[in-house]
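Structural characterization, general
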Amino acid sequence: MSDPGTDPREARIEAVPLTPGAKGGWRRVKGPGIFALAGLAAIWVLLPMVSDSWGIRFGAPYRVFFSLAVLGSALFFILLNWGPIPAPGSPLTTFASIFLVYGATVGGVMSFGLWYYPQFEIPKPAVEQARAQERGKQAFLSPAANCFACHSIEALGIRGGTRGPDLSAVGAQAEARKSGTPAEDYIRESIVNPAACLTPLPASGLAECLPAADPARTYPPLMPPGFKDRLSDEQINDLVTFLMGLKGLAEQDGKSR
Ligand code: HEC
């Protein structure tokens, strides 16, 4: 580990022949602590400095893994330094010690994996939500619902009709449409009971919907009222999830392109 040339005493000890069982046959390995520090410094200071142009990048999972390998090997030598290990006295103790080492290493690696990897899985609800959004999009585009006959979603490149408002940011705007009504409930109501509150025209400068049609300030009450009967509850839920996810051009960037 350390340079034997630097310390004359060290050099003398080096020369002691290592006959098994002889006195002085066991000696400490120097420097596992320094090795660990140098390793950790390389992993956490040097690796992040690797230029992206090299085409490799070591993310946090890799660095944690490398660090554990470094700490594990340093710990191995620190434990060895504890004292000479007596040779097992019988086949049974040999077997027991092999079994112990095997259990500790394999068990350790396995329990680490069991704890570590699930953290990088996409949580189930997120997967389910992404599926619901996809189904909602399909429903939106389906001839049965025909939403796109009146609505465009410019943020997703969906160029439909223009009689209804562009829904690119409806998930962000819905919260302010009706005070005291959560965004999700407003969107649901807009589908099942569209005449309840009319979307303000963009030029009106209003964020809230208005209970009565006003040609100067709201869209006309054109949206058909029968979606509650024409679409299943699941389809309406999926549509709401899909529309809730529309937060405008900025957030859609990268997702849609
Ligand atoms: C015949 C045209 C037409 C069709 C078809 C239509 N809409 Fe609309 N929609 C409108 C109009 C007009 C408005 C604005 C007036 C209002 O609030 O009812 C609107 C408003 C909305 C709003 C409120 C938007 C906001 O920012 O407040 C949502 C959400 C909505 N529609 C969703 C849908 C969905 C989902 C479908 C398909 C199931 C659909 N629309 C089908 C015309 C239509």
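Preceding this paragraph is the structure being described.
These remarks concern the structure in this document.

Criteria and cut-off values
Every chain is numbered on its own, with residues counted from 1 as its sequence reads. A pLDDT threshold of at least 70 governs which residues receive local features in this predicted model, and a stricter bar of 80 or more applies before side-chain atom pairs are shown or counted, although totals over entire chains, interfaces and linings include all residues. Excluding hydrogens and water, the side-chain values take into account all heavy atoms of the structure. An axis is simply a line fitted to the C-alpha atoms; with a helix, the fit covers only the stretch in contact. Between two such axes, the angle follows the N-to-C directions and lies from 0 to 180 degrees. By definition, any uninterrupted DSSP run of H or I lasting at least four residues is a helix, any uninterrupted run of E lasting at least two residues is a strand, and each is numbered from the N terminus. Note on angle classes: values under 35 degrees are labelled roughly parallel, values over 145 roughly antiparallel, values of 65 to 115 roughly perpendicular, and the remainder oblique. Rotating anticlockwise by less than a right angle from the far helix to the near helix defines a left-handed crossing, while the corresponding clockwise rotation defines a right-handed one. Residues count as neighbours in contact if any of their non-hydrogen atoms are within 4.5 Å of one another. Any N, O or S atom lying within 2.8 Å of the metal counts as a donor, with the limit raised to 3.2 Å for Na, K and Ca; because water is left out of the atom set, some sites can appear incomplete. Only four donors with every angle between 85 and 135 degrees are called tetrahedral; only four or six donors with opposite donors over 155 degrees apart and all others between 65 and 115 are called square planar or octahedral, in that order; all others are irregular. Put simply, a disulfide is two cysteine sulfurs that come within 2.5 Å. For every residue, the accessible area obtained with a 1.4 Å probe (protein chains only) is divided by the maximum for its type, and the residue is called buried under 20%, exposed over 50%, and partly exposed between those limits.

**Regarding the packing of helix 7 (residues 183-192) against helix 9 (residues 233-244)**
Contact pair helix 7 / helix 9: the axes reach a minimum separation of 10 Å and the direction vectors enclose 125°. As far as their axial angle goes, helix 9 and helix 7 are oblique. The interaxial crossing formed by helix 7 with helix 9 has right-handed handedness. Contacts from A183, E184, I187, R188, I191 and V192 in helix 7 reach I236, N237, L239, V240, L243 and M244 in helix 9.

**Focus: the coordination of the iron atom of the ligand**
For the iron atom of the ligand, the protein coordination sphere consists of H151 (NE2) and M223 (SD), at 1.9 to 2.2 Å. Geometry at the iron atom of the ligand is octahedral, judged from the 6 donor atoms that bind it and their angles of 86 to 179° at the metal. Taken as a pair, H151 in the loop between helix 5 (124-141) and helix 6 (170-177) and M223 in the loop between helix 7 and helix 8 (227-230) lie far apart in primary sequence, 72 residues in all.

**What about the state of the cysteines?**
All chains considered together, the criterion is met by 1 disulfide. Each sulfur in the disulfide pair C197 and C209 lies 1.9 Å from the other. With the S-S dihedral at roughly 90°, the linkage between C197 and C209 falls on the right-handed side. Taken together, the positions of C197 in the loop between helix 7 and helix 8 and C209 in the loop between helix 7 and helix 8 put the pair 12 residues apart, joining distant regions of the chain. Assessed through its relative accessible area of 7%, C197 is described here as buried. Residue classification places C209 among the buried residues on the basis of a relative accessible area of 6%.

**With respect to unusual backbone geometry**
The phi dihedral of N146 is positive, around 60°, even though this residue is not glycine. Here N146 is to be found in the loop between helix 5 and helix 6. A relative accessible area of 36% places N146 in the partly exposed class.

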